[in-house]
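Each chain is listed here by its residues.
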Amino acid sequence: MHKNMNINVHHVTRVEGHGNIVVNVNSGKIEKLQWQVPEAPRFFEAMVRGRSYQDIQTIVSRICGICSITHSLASTKAVESALGLEVSEQDDKLRILMHYSEQLQSHTLHVGYLAAPDFFGEPSVVPLVPKATDAVKTIVKAHRIANEWSDLLAGRTTHPVTLIPGGLTKIPTEQQLRQLQQTLKDAVPDLKAIAEVVLSVAGNIPQFERDTEYVSLKQTDPPTYTFYHGGITSNDNKGAALPIEKWHDVANEYVCEQSTAKWTKWHRDSYAVGALARFNNNAELLSTMGKAAADMFGLKKGCCNPYMNTVAQLVECFHIVEVSINLIDELLTKGLKQEKVTSSPKAGRGSGCVEAPRGILFHDYEFDKNGLCTAADICIPTNQNHASIQKDFEKLVPEIINESEDSVRLKLEMLVRSYDPCISCSTHMLDVKFVK
Amino acid sequence: MSKPRIAIFDFACCEGCQLQIVNLEEELLDLIDAVDVVEWREAMSEQSHEYDIAIIEGSITRPEDEKRIEVIRSRAKILIALGACATIGGVNKLKNNFDLADVKKCVYGKSADMPHLDTALTKALDEVVKVDYKIHGCPIDRKEFTYIVRSLLMGKTPDIPLYPVCVECKAKGNPCLWDEGQVCLGPIIRAGCGARCPSFGFRCFGCRGYVDNPNVNAAKDIIEKYGLTTDVLKSKMLLFGSMQEPTNA
């Protein structure tokens, strides 16, 4: 029995941004158990005030380097909603294809580079290079394919430049799309090889469950495992979906009593977002390969082991590649044409919502008659997960308190990583008291 | 000769420039072979206080961060600023156009006065410590990153373009975006990106900072030719150019 334990992980490594874990156990009693975020605030919502609706995407894309396409899409959708702009069916599909590229890039980065070293008991992917050369090279290749795919659709791997209110500045040629489709078809065996490697060490994924509310997008018309369209749902909402304009009713940002932290809650005192949330709300809509990957890992709808979020991301990689191959067929069948896009300033307010790789993301802007931004509100997925991480800590630590300090520390770090947090995204900073 | 020890750190930023290092993909595996990466929080669990080269992403936005960068500077033989937040302050400097108390209140409301939410004017790295090399861009261009790192490893000084983006854009044969009604900063921004954004039909918004001695008169001529006001140009220049210091590499 451990009477005393003092864990202070100052800046969890292999996550995007800065987060700390603090555990103090005195005579077997947990005195302090906190997930803290000391990231330098950057004040995006204040900085966009006075800027033109045309420049919003360029600024807010910089909230996050890993999910910049997602922030760009959410903000562009919000601007379009505020200005009443319609996007053509073709450009809508091309944007979805662009969005998938980022999901694959981010998921392979997280599964391969950030999470996998834990499964192998290594401090980073670097020592894995000589030990599992083929596996690392396959991950690197999949990551490169996803990035080249982003380059083609977004103009850049990070911080896209083709997205403008109303459409796209430049679209790929049919030849380029055909090449991309072939690349994706050729990537399927690589994904299978990656899944086999992860499966071989899946026994190292901790067994832990906590009944959780999962929030994600849900699209019914047509029914789609969606990352881009639809309304907001949760497993507590009896299958109903709220229009995205109602996102404030979902996030309900609140101040937490013991730490005065701004967290989010909907039906319970916390909720989780991300790949596992999407899976739990939409699993039956996965593609054939996505379902097969879920079966391979025994991942079933209703899973409430947060560590399985990494597996859900891997499942989504299969789904994304398969549906993208089909989406390119749809685009090529109709033929591509560069559409002229125009827009003009107008007063109004609009919301935009998409799924970031790490969970649902909300952007909201108000513009004056000159198209200048007067107010902005952004609610990012990692902030929506902070309360869930804390609640997981509170259930997990008593269950493993008799394990060694190193084991407890590793399991807590792995738990944080499994949420794939993107802390520099945290535009609403947590209010945490730091005790060292 | 022992391998140079490299450490990568970040301050206020989106970590997108570090991601470009990861995005070197297969090439990164070769690079890791040639150097000894001793600390890189985003990708590794190891930490070290001994390094030859410090690569820094992000802007300095808090007094405690000034102290941290000074310590890093004192330990490093060479300090490289990575990306716009570090080289020119980037979008983080938009904050400097407002009253800071108002900025905090806008984002944090009633909690704005809590001490850990304190913020100061955004600074580029060279406003706090000596910077030896700058890798420009938001995000950086990964080819330029390897070029600069390779040059340093070979003991050479890297060549950074002294001409504006327009030169690279014209060489690519792109139609001028001004003719399409876009306010493009190509005439005054440092080249080296291969005019990537204009090549995709999107105006240059200045992420690499102003070129040395920008041709201000030519910029005025363009504004007049297209019947625009300098306010429109200034509004675009604010995005990455708010209170920008000279960017000489």
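Before any of the text, the structure's been laid out above.
For every chain, the first residue of its written sequence is number 1, and the numbers climb from 1 along that sequence. Chains carry letters from A onward and ligands carry numbers from 1 onward, assigned in written order. Given that the model is predicted, a residue must reach a pLDDT of at least 70 before its local features are reported, and side-chain atom pairs must reach 80 or more before they are shown or counted; all residues, however, enter totals for whole chains, interfaces and linings. Side-chain numbers come from the whole structure's heavy atoms, not from hydrogens or water.

Asks: Would you explain the pairing of strand 1 (residues 5–10) of chain B in this entry?
Replies: Residue and element names in this part refer to chain B. By the criterion of burial, strand 1 is predominantly enclosed, with 5 of the 6 residues buried. Strands are labelled as partners when DSSP assigns at least two bridges between them. A run of H or I in DSSP counts as a helix once it spans at least four residues, and a run of E counts as a strand once it spans at least two, with each numbered from the N terminus. Here 4 bridges tie strand 1 to strand 2 (residues 36–40), and the two strands are oriented parallel to one another. Opposite Ile 6, over in strand 2, you have Val 37 as the bridge partner. Buried residues are those whose accessible area, probed at 1.4 Å on protein chains only, stays under 20% of the maximum for their type, while exposed residues exceed 50% and partly exposed ones sit between those limits.

Asks: Honestly, the sheet that holds strand 1 of chain B in this entry has me stumped. Any pointers?
Replies: The strands making up a sheet associate through hydrogen bonds between their backbones, and the pairing can be parallel or antiparallel. Residue and element names in this part refer to chain B. Pairing is parallel in the open sheet, where 5 strands are placed in the order 2-1-3-4-5. Each edge of the sheet is formed by a strand with only one pairing partner; in this case those strands are strand 2 and strand 5 (133–135). Here the average twist between neighbouring strands, direction ignored, is 20°. Bridging between strand 3 (residues 53–57) and strand 4 (residues 78–82) involves 5 bridges; their strand directions are parallel. Bridging across to strand 4, Ile 56 finds its partner in Ala 81. A fitted line through C-alpha atoms represents every axis, and for helices the fit uses only the stretch in contact; the resulting angles, taken between N-to-C directions, go from 0 to 180 degrees.

Asks: In this structure, what is going on with unusual backbone geometry? I would like to understand it.
Replies: Apart from glycine, the bulk of residues carry a negative phi angle, and the bulk of peptide bonds sit in the trans form. Here Asp 221 of chain A and Pro 222 of chain A are connected by a cis peptide whose omega angle stands at -10°. With respect to the helices and strands, Pro 222 of chain A occurs in the loop between strand 6 (215–220) and strand 7 (223–224). Looking along the chain, the bond that leaves Cys 138 of chain B and enters Pro 139 of chain B is cis, with omega of -5°. Not every positive phi belongs to a glycine, and Ala 195 of chain B is a case in point at roughly 50°.

Asks: Would you take a moment to explain the interface of chain B and chain A for this structure?
Replies: For interface size, the figure often reported is the accessible area lost on association. Every residue pair with non-hydrogen atoms within 4.5 Å of one another is taken to be in contact. Each partner contributes to the interface: chain B provides 56 residues, whereas chain A provides 68 residues. Summed over both partners, the accessible surface that disappears when two parts come together, traced with a 1.4 Å probe, is what is meant by buried area. Taken together, the two surfaces of chain B and chain A that pack against each other cover about 5,400 Å², and 58% of this comes from carbon and sulfur. Here, a salt bridge means any side-chain nitrogen of Lys or Arg that lies within 4 Å of a carboxyl oxygen of Asp or Glu. Between the two partners, chain B and chain A, sit 6 salt bridges. For Arg 142 of chain B, the salt bridge is made with Asp 151 of chain A, and the minimal N-O distance between the two is 3.5 Å.

Asks: Could you clarify how one ought to interpret the sheet that holds strand 7 of chain A in this entry?
Replies: Residue and element names in this part refer to chain A. If you walk across this open sheet you meet the 3 strands as 7-6-8, and the pairing is antiparallel. Only two strands of the sheet have a single partner each, and these edge strands are strand 7 and strand 8 (231–234). Here strand 6 pairs with strand 8 via 4 bridges, running antiparallel. Across the sheet, residue Ser 216 finds its bridge partner in strand 8, namely Thr 233. On the sheet, helix 9 (residues 275–282) packs against strand 6 and strand 8 and is oriented at approximately 40° with respect to strand 6.

Fair warning: the whole summary comes from geometry, so function is off the table for now.
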